[in-house]
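Secondary and tertiary structure notes
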Amino acid sequence: MDRSKTLEETKAFLENKKKILMDLGVFIMIVVAIFFICLDTKKKAFERDKQIILEKHLSEQDYLVYGANICAPPLRFLDEDGVYKGVVVDYISLLSLELGVEIKTEPYEWEEALWKLKEGETDFCDMFVNEERAKDYIFTDPIYNLRTVLAVKEESKFSFNDINEMKIATEKGDYANYYIEKNFPEADLIFVDNVGEGMDLLLLGQVDAVIGDEPIVSYYIGKKSAQIRMINTALYEEPVVLGMPRKNADLLPIVNHAIRELNKKGQLEKIQQKWFGISTPLKDANGAKKYIRLGIISGGALLILVGIIAASNRSLKKQVRIRTRELEASRNELQLIFDSIPEYILMVDQFGNIVNANKGILEYSGLDRGLCFGQCCDIILNKFAIGYVDIVPVEKDTQDEKMLVKTGKRIYEVKIYRLTEFERGTLITLRDITLDEVNKKQLLQSSKMLAVGQLAAGMAHQIRNPLSIIRMHTYMLRENQNMDETGKKSLRYIDENVQKAGCIIDNVMNFWRVSGNQIETINLSKNFGDIISLHENLLKKKEIEVEIDCDSELWFRCNEEALKHILVNLVSNAIDAMEHLDKLILLGEKVEDGVLIQCIDTGCGIAEENMENLFNPFFTTKELGKGTGLGLFVVYSEVEKLSGTIKVDSKIGEGTCFTIKLPLGEENSDV
Ligand code: ADP
Ligand code: MG
């Protein structure tokens, strides 16, 4: 059926969606797990390699060396007590901790520091990057940014645009020299050992300006003289890296990793705070950027995932709504079909409580749908003279069953279907099979009757011929003048009886005449007469007095065959009930709105306890072979067919009176 298909499809659709979502979830979890496993493996491999490389480098001496210029405060410088310190020296100490290797710091003149690094006598020196240096060194990731500036005398008018005309003191080997020569070729460079020395020359008026890194220049301005100022525009701002000798290339990834770790922990900012009391990063936060990017990507991926789930959820909800509506419509349709089935249907749960009942059974039981649901099914089943105990299976897995129940005038076939799925209980159907049963027996009876009737009619027809010959000959004999009085009397007697035999034959033939269902205008008194003459033999045998109390002109419209069935059965029952010399009265009269017919006998009467079963099919008190128990059932059915009513009054030992009231019947009406 279409509905069950829709239900199946909905189920399959929901299952499918659920499966896809679960698969997606499992897939994401697997990807995340693989990611973390890879990360962990990579970390372990890195640590292993790091140990091997470090061991190789530390085989000759168990420390590394940082060598840079001796006098570049506050980045690095030798203080009055001969301690080499500064921002970068602090940073190198932290790097040493991060690497897990001791790093000694050695102060040199700048040129010497660069030379020692190139020779591999030292391992690190912080510096700007340029093409020249790239030939001699390899570089780590940047550790901080540095601006290079010009310092001039306070009163001088020099600005950034005057560099080409200036005499400038600069540190030997400094990156700035390379930069000035390239960009301001006309500037006059005076080489000094460090910025401090340049400052002295400036104060003496031997140079116009000094080049230096911004923190170093401001350090000297603060320390040496307020007569020096910094030109605001920086020459350049570049990242500072750690330069390493080329032979140490295998150390580079290890050092870079350590620099990244220090960045993550914000160590440079802490050192900066110590030295300058500020927290502006000297270094571009490269690592942070990377994590922000990673965060944005993961956030985006998460958003997309949430979007997919939300969209799929919305479509799922929509589908569920549509399917729910379809199922509701289907349920209503099914209920309609359920209600229109002529059989009575009752559904009960495993405890015998009503789950559903169709319209037919509710109307029959006179119950309200809403009120009886949930109640014990006996409130309905008792109306059919059964109860839930007759329905419940004796064994758990009893198969479907069928049984017959009789309730008064009706016979029902009860079918019981076990609803095994979900332990849902039982479906009970009741079908009125009274007429089927009656028809079955009647068919047998009437086929017998038909044979007898046809035989009787055939015989009657055959007897007519000899009767007419007898009549003709009596007529001829009557013409004989010589016949004496006794002979004439005999002839009259013969004639009378031949006439009577003719009447009997007419009666039998009339009774078996097939009249169909048509309504005719009939005479009640004549019908009474016909029935009596049909039973004349028996009546005579029992010497029963018959009285017909009916106007010979009582005409009304009725189905004559139906009326004959009624009268035949009533009269034959009355004869059966009567003894010698009893009396039978057939009464017929027109009343206000119909015709009243009474069949009264002075027979044995009907016992009180039999009264309620009288019209039930197959109810008989007669011995086997004599009664079928169908007579009064036929009477009842025919009276109903004619839209009439029937009632019985009887007293045991005194007699019985059946009273029937039939409508007058309209002219030209058919049944
Ligand atoms: P049947 O005649 O085959 O027994 P019926 O349906 O005609 O079946 O009658 C049913 C029963 O009603 C009879 O067996 C009899 O006991 C009772 N009965 C019917 N009519 C009379 C009557 N007039 N007097 C007494 N009992 C009657
Ligand atoms: Mg009978």
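The structure contained in this document is the topic of the report that follows. Note that this is a predicted model, so its numbers are computed, not measured. Every chain begins its residue count from 1, and numbering advances along the sequence as written. Starting at A for chains and at 1 for ligands, labels are handed out in the order in which the entities are written. The model is predicted, so local features are restricted to residues of pLDDT at least 70 and side-chain atom pairs to those at 80 or more, both for listing and for counting; the totals for chains, interfaces and linings are taken over all residues. For the side-chain quantities, the full set of heavy atoms in the structure was used; hydrogens and water were omitted.

Quick notes on the sheet that holds strand 2 (residues 71-72)
A strand pair is defined by DSSP finding two or more bridges across the two strands. Every helix listed is a DSSP run of H or I at least four residues long, and every strand listed is a run of E at least two residues long, numbered separately from the N terminus. Read across the sheet, three strands follow the order 2-3-4 without closing on themselves; strand pairing throughout is antiparallel. Every other strand in the sheet has two partners, leaving strand 2 and strand 4 (84-85) as the edge strands with one partner each. Relative to strand 3 (residues 76-78), strand 2 is paired through two bridges, and the arrangement is antiparallel. Looking at the pairing, Ala72 lines up with Arg76 of strand 3.

Observations regarding helix 5 (residues 175-183)
Each residue is placed in one exposure class: buried if its accessible area under a 1.4 Å probe, protein chains only, is under 20% of its type's maximum, exposed if it is over 50%, and partly exposed if it falls in between. The set of residues buried in helix 5 consists of Tyr175, Ala176, Asn177, Tyr179 and Ile180. Pairing of N or O atoms within 3.5 Å defines a polar contact, subject to two protein rules: one partner must be a possible hydrogen donor and the other a possible acceptor, and residues neighboring in sequence count only if both atoms are side-chain atoms. One side-chain oxygen of the residue at the start of helix 5 lies 2.8 Å from the amide nitrogen of Ala176, identifying that residue as Asp174.

Quick notes on the site of ligand 1
Residues are counted as near a molecule or strand when any one of their heavy atoms sits within 4 Å of it. In the neighbourhood of ligand 1, 19 residues make up the surrounding shell, with Thr620, Thr621, Lys622, Thr628 and Leu632 lying closest. Within the side chain of Asp601, a nitrogen or oxygen atom sits 3.0 Å from a nitrogen atom of ligand 1. Between Leu632 and ligand 1, the recorded distance is 2.8 Å, taken from a backbone N or O atom to an oxygen atom. Areas reported as accessible are Shrake-Rupley estimates using a 1.4 Å probe. Residue values count occlusion only from the protein chains shown. Its free accessible area being 530 Å², ligand 1 has 93% of it covered by the protein chains. Sorting the residues of the shell around ligand 1 by element identifies helix 19 (560-577), helix 20 (631-641) and strand 25 (655-662) as the ones contributing at least two each. The element best represented in the shell around ligand 1 is helix 19, accounting for three residues.

Some thoughts on the nonpolar core
Within the largest apolar cluster, 78 residues are counted, with the highest numbers of intra-cluster contacts made by Tyr66, Leu95, Leu150, Ile163, Ile168, Ile180 and Leu235. Domain delimitation follows an automatic or database domain assignment. Residues from two domains meet in this core; each of domain 1 (64-137 + 246-274) and domain 2 (144-240) gives at least three. Apart from the residues lying within four places of it in its own chain, the contact partners of Ile163 are Leu150, Ile168, Ile180, Phe184, Ala187 and Leu235. We call a set of buried Ala, Val, Leu, Ile, Met, Phe, Trp, Tyr and Cys residues a nonpolar core when their side-chain atoms join them within 4.5 Å. Of all hydrophobic cores here, the second largest spans 38 residues; its members include Ala562, Val568, Phe615 and Val639. Whether two residues are in contact is decided by their heavy atoms, any of which lying within 4.5 Å being enough.

Observations concerning the packing of aromatic side chains
Under the pairing criterion, centres of Phe, Tyr and Trp rings, with the six-membered ring standing for Trp, must be within 6.5 Å; the plane angle then separates stacked pairs below 30 degrees from edge-to-face pairs above 60, leaving the rest tilted. Enumeration over the complete set of coordinates arrives at 17 aromatic pairs. Residues Phe77 and Trp275 carry aromatic rings whose centres are separated by 6.2 Å and whose planes lie at 80° to one another, so their mutual orientation is edge-to-face. Of the two residues, Phe77 sits in strand 3 while Trp275 sits in helix 9 (residues 267-276), which places them 198 residues apart along the sequence. On the accessibility criterion, Phe77 (11% relative accessible area) is buried. With relative accessibility at 25%, the residue Trp275 sits in the partly exposed group. Ring geometry for Phe160 versus Phe184: centroids 6.0 Å apart, planes at 85°, classification edge-to-face. Of this pair, Phe160 sits in the loop between strand 8 (144-153) and strand 9 (167-171) while Phe184 sits in the loop between helix 5 and strand 10 (188-192), and the two are 24 residues apart along the sequence. On the basis of relative accessibility, which here comes to 14%, the residue Phe184 falls in the buried class. An aromatic cluster is defined as three or more aromatic residues linked by ring pairs; in this entry it consists of Phe128, Tyr175, Tyr178, Tyr179 and Tyr236.

Some words on the pattern of salt bridges
We define a salt bridge as a side-chain nitrogen of Lys or Arg found within 4 Å of a carboxyl oxygen belonging to Asp or Glu. A full pass over the atoms with the stated rule returns 30 salt bridges. We note a salt bridge from Lys540 to Glu536, for which the minimum N-O separation is 3.4 Å. A residue pair is termed a helical-turn pair when its members lie 3 or 4 positions apart in one helix, as Lys540 and Glu536 do in helix 18 (residues 536-541) at four residues. Classification of Lys540 by relative accessible area gives exposed; the value is 54%. On the accessibility criterion, Glu536 (27% relative accessible area) is partly exposed. Here Asp649 ties to Lys647 by a salt bridge, and the two come within 3.4 Å at their closest N and O atoms. The exposure class assigned to Lys647 is partly exposed, which follows from its relative accessible area of 48%.

Details of the sheet that holds strand 20 (residues 545-550)
The five strands are arranged 20-22-23-25-24 in an open sheet whose pairing can be described as mixed. Of all the strands in the sheet, the pair left with one neighbour each is strand 20 and strand 24 (645-651). Within this sheet the neighbouring strands show an average axis-to-axis angle of 10°, counted without direction. When strand 23 (residues 594-601) meets strand 25, the two strands line up antiparallel, connected through seven bridges. Following the sheet pairing, Ile600 is matched in strand 25 by Cys657. Lines fitted to C-alpha atoms define the axes, with helix axes restricted to the stretch in contact, and inter-axis angles between N-to-C directions lie between 0 and 180 degrees. Across the face of the sheet, helix 17 (residues 524-534) comes into contact with strand 20, strand 22 (583-591) and strand 23 while running at roughly 165° to strand 20. Sitting on the sheet, helix 20 touches strand 24 and strand 25, and the angle it makes with strand 24 is about 145°.

Here's the deal with the environment of Leu491
Note on placement: Leu491 falls in helix 16 (residues 485-511). In sequence terms Leu491 and Arg471 are 20 residues apart; their C-alpha atoms lie 9.7 Å from each other. Filtering out sequence-adjacent residues up to four positions away, Leu491 remains in contact with Thr474, Leu477, Arg478 and Met483.

Some words on the packing of helix 6 (residues 195-204) against helix 7 (residues 214-224)
Their axes nearest at 10 Å, the elements helix 6 and helix 7 cross at an angle of 50°. One finds that helix 6 runs oblique with respect to helix 7. For the crossing formed where helix 6 meets helix 7, the hand is right-handed. Contacts between helix 6 and helix 7 involve Val195, Gly196, Met199 and Asp200 from the first element and Ile216, Val217, Tyr220 and Lys224 from the second. Residue polarity follows a fixed list, in which Ala, Val, Leu, Ile, Met, Phe, Trp, Tyr, Cys and Pro are nonpolar, Asp, Glu, Lys and Arg are charged, and the others, Gly among them, are polar. Here the contact of helix 6 with helix 7 is composed, by residue class, of five nonpolar, one polar and two charged. These descriptions rest on fixed angle ranges, namely under 35 degrees for roughly parallel, over 145 for roughly antiparallel, 65 to 115 for roughly perpendicular, and the rest for oblique. Note on convention: the crossing is left-handed when the near helix lies turned anticlockwise from the far helix by less than a right angle, right-handed when the turn is clockwise.

A short note on the pairing of strand 23
Counting buried positions over the eight residues of strand 23 gives seven, a clear majority of the element. Taken together, the eight bridges between strand 22 and strand 23 define a ladder with antiparallel strand orientation. Of the residues in strand 23, the one forming a bridge with Lys590 is Val595. From the end of strand 22 to the start of strand 23, which pair antiparallel, there are two residues.

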